Amino acid sequence: MKLNIKYILALALILLTGCGQSQQFMAVPPDARKEDVPRQSIQLKAERFKFTPDVIRVKAGTLVRLEITSVEGTHGFQLGAFGIDERLDENQTKIIEFYASKQGEYGFRCSHFCGIGHMGMTGKVIVE
Ligand SMILES: [Cu+2]
């Protein structure tokens with residue numbers, strides 16, 4: 001059977017574009033020098049049933065490094081707009097990096113069912 005190369009290329013393009021959209025904020029733009037990009041580290045604590053802090057403010061154009069530690073129970077950290085969803089095991093620190101390219105408010109939530117207050121375990125990243 002002869003493979004249709006145009007079809008395969010089109011499919012590859014669709015797949016690549018799809019991935020790019022879900023993670024469009026994660027990579028530093030290729031025209032920016034990585035060492036020149038401002039960075040900001042923020043420490044977060046996860047416990048039943050909140051994140052502290054639950055509002056994070058960063059400047060647009062910053063490479064953000066979150067250091068999240070669950071001090072009580074297992075949780076998850078989902079920041080959907082940036083394609084981020086990480087499991088947070090108790091007493092472990094997870095490093096999550098993303099590039100805050102665009103101004104806006106981006107909600108995050110616990111993505112691991114942790115009990116009665118799970119649904120209210122939310123917060124937001126404000127990119128200014
Ligand atoms: Cu939860």
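Residues numbered from 1 in each chain as written. Predicted model: local features only at pLDDT ≥ 70, side-chain atom pairs only at ≥ 80, totals over all residues. Heavy atoms only, no water.

Per the counting criterion, the structure on display carries five aromatic pairs. With a centroid separation of 5.0 Å and 75° between ring planes, the pair formed by Phe 82 and Tyr 106 is classed as edge-to-face. Of this pair, Phe 82 sits in the loop between strand E5 (75-79) and strand E6 (84-88) while Tyr 106 is found in strand E8 (residues 104-109), placing the two residues 24 residues apart along the sequence. You'll find Phe 82 and Tyr 106 in the same group, each marked buried. Grouping aromatic residues by their ring pairs yields a cluster made of Phe 51, Phe 77 and Phe 108. (Phe/Tyr/Trp six-rings, centres within 6.5 Å; stacked < 30°, edge-to-face > 60°. Helix = DSSP H or I, 4+ residues; strand = E, 2+ residues; numbered from the N terminus. Buried < 20%, exposed > 50% of the residue type's maximum accessible area, 1.4 Å probe, protein only.)

When pLDDT is averaged along the chain, the result is 85, and 80% of the positions lie at 70 or above. For residues 17-25, every residue scores under 50 in pLDDT, and the model assigns this stretch ten contacts once sequence neighbours within four places are set aside. (pLDDT = per-residue confidence, 0-100. Contact = heavy atoms within 4.5 Å.)

Moving on, we get to the coordination of the copper ion. Angles at a metal have ideal values that depend on geometry: 109.5 degrees with four tetrahedral donors, 90 or 180 degrees with six octahedral donors. The protein atoms that coordinate the copper ion are Cys 110 (SG), His 112 (O), Cys 114 (SG) and His 118 (ND1), at distances spanning 1.9 to 2.5 Å. In this structure, the copper ion is coordinated by four donor atoms arranged in irregular fashion, with angles at the metal of 81 to 124°. Linear spacing of the donor residues for the copper ion on their chain is C-x1-H-x1-C-x3-H. (Donors = N, O, S within 2.8 Å, 3.2 Å for Na, K, Ca; no water. Tetrahedral: all angles 85-135°; square planar, octahedral: opposite > 155°, others 65-115°.)

Judged from the five bridges that link them, E5 and E6 form a sheet pairing that is antiparallel. In the strand pairing of E6, Gln 78 is matched with Asp 85. The turn linking E5 back onto E6 is made up of four residues, and Gly 83 within it adopts a positive phi angle of 65°. (Pairing = 2+ DSSP bridges.)

This part is about the sheet that holds strand E4 (residues 62-70). Strand pairing in a sheet is mediated by backbone hydrogen bonds. Such pairs are either parallel or antiparallel. If you walk across this open sheet you meet the four strands as E2-E1-E4-E7, and the pairing is mixed. Edge positions in the sheet fall to strand E2 (50-52) and strand E7 (93-100), since each has one partner strand and no second. The average angle at which neighbouring strand axes cross in this sheet is 25°, direction not considered. Bridge analysis of strand E1 (residues 39-47) against E2 gives three bridges, and the strand direction is antiparallel. When the bridges of E2 are listed, Glu 47 appears paired with Lys 50. (Axes fitted to C-alpha atoms, helices over the stretch in contact; angles between N-to-C directions.)

Once that is clear, we can look at the environment of Ile 95. Within the secondary structure layout, Ile 95 lies in strand E7. For the pair Ile 95 and Ile 68, spaced 27 residues apart in sequence, the C-alpha separation works out to 6.5 Å. Beyond its immediate sequence surroundings of up to four residues, Ile 95 is in contact with Arg 65, Leu 66 and Glu 67.

The next point concerns the nonpolar core. Of all hydrophobic cores here, the largest spans 24 residues; its most connected members are Leu 44, Phe 51, Leu 66, Phe 77, Leu 79 and Phe 98. When residues of this core are traced back to their parent elements, those giving at least two are E1, strand E3 (55-58), E4, E5, E6, E7, E8 and strand E9 (122-127). Once residues lying within four places of it in the same chain are set aside, the contact partners of Phe 77 are Leu 44, Phe 51, Leu 66, Ile 68, Ile 84, Asp 85, Glu 86, Leu 88, Ile 96, Phe 108, Arg 109 and Ser 111. (Core = buried A, V, L, I, M, F, W, Y, C linked by side-chain atoms within 4.5 Å.)

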